[in-house]
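Coordinate analysis (summary)
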Protein chains: 2
Amino acid sequence: MIYLDHAAATPISSRVFDAMKPYFSEDFFNPSAAYLPAKKVASDYEAAKRVIAHAIGAKYSDLVMTAGATEANNLAFNATDGKVLYLITEHDSVRKVAEQHGGAPINVDKNGRILLDDLKSKMTDEIMLISVALVNNELGTIQPLSEIAAYIREVRLDRLSRGIKQPLYLHSDASQALNLLNVNVARLGVDLLTLNAAKIYGPKAVGALYVSRDVKLSPLSVGGGQEMGLRSGTENVPGVIGFAKAVEETCKHLNGNRKKYAKFKQIILSELKDYELINKKHSLDSFVVLCYNGIDAERLVFLLEDKGVYVSTGAACAASKGEKSHVLAAIGLSDSEIAGSLRLTFGETNSEEQIHEAAKFINEAVETERSRHA
Amino acid sequence: MIYLDHAAATPISSRVFDAMKPYFSEDFFNPSAAYLPAKKVASDYEAAKRVIAHAIGAKYSDLVMTAGATEANNLAFNATDGKVLYLITEHDSVRKVAEQHGGAPINVDKNGRILLDDLKSKMTDEIMLISVALVNNELGTIQPLSEIAAYIREVRLDRLSRGIKQPLYLHSDASQALNLLNVNVARLGVDLLTLNAAKIYGPKAVGALYVSRDVKLSPLSVGGGQEMGLRSGTENVPGVIGFAKAVEETCKHLNGNRKKYAKFKQIILSELKDYELINKKHSLDSFVVLCYNGIDAERLVFLLEDKGVYVSTGAACAASKGEKSHVLAAIGLSDSEIAGSLRLTFGETNSEEQIHEAAKFINEAVETERSRHA
């Protein structure tokens, strides 16, 4: 198997699994219970949250644990009863909740980077939240968040000077970022940040929302009052323990992985034939988006599957519904270019040999398809 | 260790763990991805949902998987934009969301059973949802849901005959029920039913909401459109696989467990001294709620902890906040009776020997406390 779809899902690493294991069985207690073994579980849970928080330069009490990034993104929008702006290339879990808030999209350039002038032209005194993913899930595009944050500070000062009290928050979905970027909430200048265990070799359905102390948030669900009342429900202890271990591992391998994926990218781009590279600039090296114009990339996915090579045409959840990628449309690709686009995302399961092999299989699949059309 | 707090948390059984394990590693794929191994994961996930659905007499497509019962309870209330009624003894995850909907509580008798006359007196044409837990989480009280459902059918017919279009739904939180009751949505007559893996030796943070086809529900979170658009986010594949295995095991051991816990209850009640039994009638045999009037039950919890006996004073999430039990207040206990109340809940980790031992330790602890006050 050559798995090149790490942006869709990552396997749990053995260290993560080993860390989680005791919390399914001997340490199964409800963290809210009054006796000592339960309090030990509560304290292990807190320690895990502390590890995750520290990794992004935050405090334990700034994190609200959620059942994944979708919930965290939706929860972030509960910080606003005002108008919102969001990047047009956001994941559906931001885009759809932003639409519910009547949000306006901010456009991107052909590399998928935010057009700051477009953001500025859409800024009004009613805007309360801006949501821009740190790394796009289809292109790997890294957004200049600190530039956006600097502009937001200007807007805040301007509002202050005019006696306008509407707050303005910056939210970023960092689901795809933690593998290769050093994420720090202060340096990025974000008020709300979404994290996702499932993309960094941690468990599925585990995520977190960083919430700056300035933000007033209301919960999506109410109940037992866990997570400072912001997210009720018995804590997912093994999940959060696994998330913390995944964060530790990710931070440890950040530099090594950067080099590794840069090399993978270089190899595959030099060995592949007759493609156009879509994500040329400002992209994580683990993301390679190729366009084979005139070819149906979905057919490439199936041909490659026969060789044990697993790739995708875009976001898994959108692809499964047969929807045209709104991300590729936003960067100006035509329908036929979108149809011919393939996303490869590298990860821990890959070796250099696999990349050479993948290049060969992809070339063959493309050739097969081209000859069908010839 | 003698663990007598199975209503707060249950360990994952080894069969459940073994069932989940492959989905953390080799079968880690995103169920929405297009290639075969991912489709296999999607089909295993569907099969697991089918097992859970069939166990309650429902169809696969009637279930919305959630990150636990709290989310499922909150989601159930998204079926209504009208007024709601809820049992006064409901878990906080129902009570608080019902309060957000301006809900009115229905009173209970001294056994914690619904007062049907009180329900009837509060019924108006504006009521759209009634929420009554099948089994109360503090007392184990089983509610006469089919009687409630029969009354609701009358109300519906009456509304119909008067040309009133407001629908009326019955929701029940069955989190604590699956261990000892044969739960069937048609027989119970519910339109919405909450299930919880964490109380039946399945994983924490995994639950489901059964939604009858008549109910129009809107999601709490939006995004990739998973769970028929009612609950977005990458599916918690290992969690749901584990849930299904836990349901299978539970159904298999239902009759044996009923007998076992009935015997445990009989043993402990005959060996304990100087208590008052609170949940005398209509209660699951796995729940024993005792009152030692004049004693602080929290001190008993700590004394018993020293002997390795783990019990609680009520719902873990409420107990951790030092709140007085609203359930015990609702059945008419005085503050001092509430302060002296201890909840024991039996489960798979218990043996008959443990029950004898627990009785001895509890008697000793009570004696120690009484002598302190003498």
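Look a little higher up for the structure.
Here is what the cut-offs are and how they apply
The residue numbering used here restarts from 1 in each chain and proceeds along that chain's sequence as written. For this description, chains carry letters from A and ligands carry numbers from 1, given in the order in which they are written. Since the coordinates come from a predicted model, pLDDT governs what is reported: local features require at least 70, and pairs of side-chain atoms require 80 or more to be given and counted, while whole-chain, interface and lining totals use all residues. As a convention, hydrogens and water are excluded, and side-chain values are obtained from all of the structure's heavy atoms. Note on classification: 1.4 Å probe, protein chains only; a residue is buried when its accessible area is under 20% of the maximum for its type, exposed when over 50%, partly exposed between these limits. Per the convention used, a helix needs a DSSP run of H or I reaching at least four residues, while a strand needs a run of E reaching at least two, with both numbered from the N terminus. When DSSP finds at least two bridges between two strands, those strands are taken to pair. A fitted line through C-alpha atoms represents every axis, and for helices the fit uses only the stretch in contact; the resulting angles, taken between N-to-C directions, go from 0 to 180 degrees. A contact between two residues is defined here by any heavy atoms of the two lying within 4.5 Å. Here, a salt bridge means any Lys or Arg side-chain nitrogen found within 4 Å of an Asp or Glu carboxyl oxygen. The copies were overlaid by least squares, fitting only the C-alpha atoms of residues that reach a pLDDT of 70 or more in each copy. Any two of the Phe, Tyr and Trp rings considered here, Trp counted by its six-membered ring, make a pair once their centres fall within 6.5 Å; the pair's planes then place it as stacked at under 30 degrees, edge-to-face at over 60, or tilted in between. Think of it as a cone above the ring: NZ of Lys or CZ of Arg counts as a charge over the ring if it is within 6 Å of the ring centre and within 35 degrees of the ring normal. The definition of a polar contact used here is a pair of N or O atoms within 3.5 Å, where within protein one atom must be able to donate a hydrogen and the other to accept one, and adjacent residues in sequence count solely through side-chain atom pairs.

**Points about the pairing of strand β10 (residues 287-291) of chain A**
Residue and element names in this part refer to chain A. The buried fraction of β10 is high, at five of five residues. Burial along β10 is two-sided: Phe-287, Val-289 and Cys-291 and Val-288 and Leu-290, pointing in opposite directions, are all buried. In terms of strand pairing, strand β9 (residues 276-277) meets β10 through two bridges, oriented antiparallel. Paired with Leu-277 across the bridge in β10 is Leu-290. Both β10 and strand β12 (residues 341-345) contribute to a ladder of five bridges, which runs antiparallel. By the bridge assignment, Val-288 is partnered in β12 with Leu-344.

**Brief notes about the sheet that holds strand β6 (residues 169-173) of chain B**
Residues and elements named next belong to chain B. Taken together, seven strands build an open sheet; the order of strands is β2-β8-β7-β6-β5-β3-β4 and the sheet is mixed. With partners counted over all chains shown, the strands left at the sheet margins are β2 (63-66) and β4 (104-106), one partner each. With direction set aside, neighbouring strand axes in the sheet form an average angle of 20°. Across four bridges, the pairing between β2 and strand β8 (residues 207-211) is antiparallel. Among the inter-strand pairings, Met-65 is bridged to a residue of β8, identified as Ala-208. Against the sheet, helix α3 (residues 69-76) touches β2, β5 (127-131), β6, β7 (192-196) and β8, its axis set at about 170° to β7. In the packing of helix α4 (residues 92-100) onto the sheet, the strands contacted are β3 (83-87), β5 and β6, and the crossing angle to β3 comes to about 155°.

**Quick notes on the pattern of salt bridges**
If the charged atoms of two oppositely charged side chains come close together, the side chains can form a pair. All names here are of chain A. Enumeration according to the criterion identifies 46 salt bridges over all chains in this entry. Residues Lys-122 and Asp-118 are paired through a salt bridge, measuring 2.8 Å at the closest nitrogen-oxygen approach. Linking Lys-122 with Asp-118, this pair stays in helix α5 (residues 116-122), spanning four residues, or about one helical turn. Note on Lys-122: relative accessible area 25%, which makes it partly exposed. Among the salt bridges present, the one from Arg-162 reaches Asp-158, with a minimum N-O distance of 3.0 Å.

**Topic: the relation of the copies chain A and chain B**
Two copies of one chain are present, and they are related through a rotation about an axis combined with an axial shift. When chain A is fitted to chain B, the best match, at an RMSD of 0.0 Å, comes from turning it 180° and sliding it 0.0 Å along the axis. Such a combination of rotation and displacement between the chain copies is what one expects of a two-fold axis. Relative to the rotation axis, the C-alpha of Ala67(A) is the closest in chain A, positioned 3.1 Å from it. Here 100% of the interface residues in chain A have copies in chain B that are interface residues too; the copies meet face to matching face.

**Digging into the packing of aromatic side chains**
The tally for this structure, following the rule as stated, stands at 22 aromatic pairs over all chains. With a centroid separation of 6.4 Å and 85° between ring planes, the pair formed by Tyr35(A) and Tyr3(B) is classed as edge-to-face. Of this pair, Tyr35(A) sits in the loop between α1 (14-20) and α2 (36-55) while Tyr3(B) sits in strand β1 (residues 2-3), placing the two residues on different chains. Owing to a relative accessible area of 0%, Tyr3(B) belongs among the buried residues under this scheme. Ring centres 6.1 Å apart and planes at 75° place the aromatic pair Phe29(B) and Tyr35(B) in the edge-to-face group. Three or more aromatic residues link up through ring pairs in this structure, and these residues are Tyr3(A), Tyr310(A), Phe28(B), Phe29(B) and Tyr35(B). Between the NZ or CZ atom of Lys360(A) and the centre of the ring of Phe361(A), over which it lies, the distance is 4.5 Å.

**A word on the environment of His171(B)**
Residue and element names in this part refer to chain B. Along the chain, the position of His-171 falls in strand β6. Given a relative accessible area of 0%, His-171 falls into the buried group. Counting along the chain gives 20 residues from His-171 to Tyr-151, while the straight-line C-alpha distance between them is 14 Å. Apart from the residues within four sequence positions on either side, His-171 is in contact with Asn-73, Ala-76, Phe-77, Val-94, Leu-129, Ile-130, Ser-131, Val-132, Leu-192, Leu-193, Thr-194 and Leu-209. In this structure the side chain of His-171 is engaged in a polar contact, spanning 2.9 Å, whose partner is the side chain of Thr-194.

Remember that the coordinates give geometry; whether it matters functionally is a separate question.
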